[in-house]
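Here's the letter readout for the chains.
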Amino acid sequence: MVTPGEVYVLLVTAMALVALAVAIPVLLRIVVDGRARLGEEPPAHPDEGANPGAGGQSVDPDRPRCPHCGTENDADFVYCRECLEQL
Ligand SMILES: [Zn+2]
């Protein structure tokens, strides 16, 4: 005769085994990825290469400068984002 306590222990053990079976591949993957990242060069910031005009002196026609303070604004801006003058 199986007591309720034994059923509970069996259920908990089974769930723990299932959880381990699921978690072990994930943990292994994390470890492998972490080691791969440690081994390779730190990735360069992709945003810097994709947006070379940021912070530069080049004037983008799509980013008109405010006639009041000279701040670049988006083309669809009506008011300067810096000084709130009308563009
Ligand atoms: Zn302005």
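Residues numbered from 1 in each chain as written. Predicted model: local features only at pLDDT ≥ 70, side-chain atom pairs only at ≥ 80, totals over all residues.

The name given to the protein chain in an unreviewed UniProt entry is Zinc ribbon domain-containing protein, and the organism recorded there is Haloarcula rubra.

(A) Just the overall build of the protein chain, in detail. Across its full length, the protein chain holds two helices and zero strands. Here the protein chain holds 87 residues, and the buried ones make up 1% of them. Looking at the protein chain alone, contacts between residues at least 24 apart form 0% of all its contacts between residues at least 6 apart. (Helix = DSSP H or I, 4+ residues; strand = E, 2+ residues; numbered from the N terminus. Buried ≥ 20, exposed ≤ 12 C-beta atoms within 10 Å, placed from the backbone. Contact = placed C-beta atoms within 7 Å.)

(B) Here's a closer look at unusual backbone geometry. A positive phi angle, near 65°, is found at Leu-84, a position not held by glycine. Structurally, Leu-84 can be placed in the segment after helix H2 (46-50).

(C) Up close: the environment of Asn-73. Along the polypeptide, Asn-73 turns up in the segment after H2. Take Asn-73: there are 16 C-beta atoms within 10 Å of it, and that puts it in the partly exposed class. Once the C-alpha coordinates of Asn-73 and Asp-60 are considered, the two residues, 13 residues apart in sequence, prove to be 10.0 Å apart. The residues touching Asn-73, leaving out its near neighbours within four places in the chain, are Arg-63, Pro-64, Cys-66, Cys-80, Arg-81 and Leu-87.

(D) Local environment of the UniProt feature "transmembrane region" (unreviewed entry) in the protein chain. Residues given the UniProt feature "transmembrane region" (unreviewed entry) here are residues 6-28. The annotated region residues 6-28 carries 100% helix and 0% strand content, and the separation between its end C-alpha atoms amounts to 32 Å. (UniProt positions renumbered as here; feature names shortened; annotations may be inferred.)

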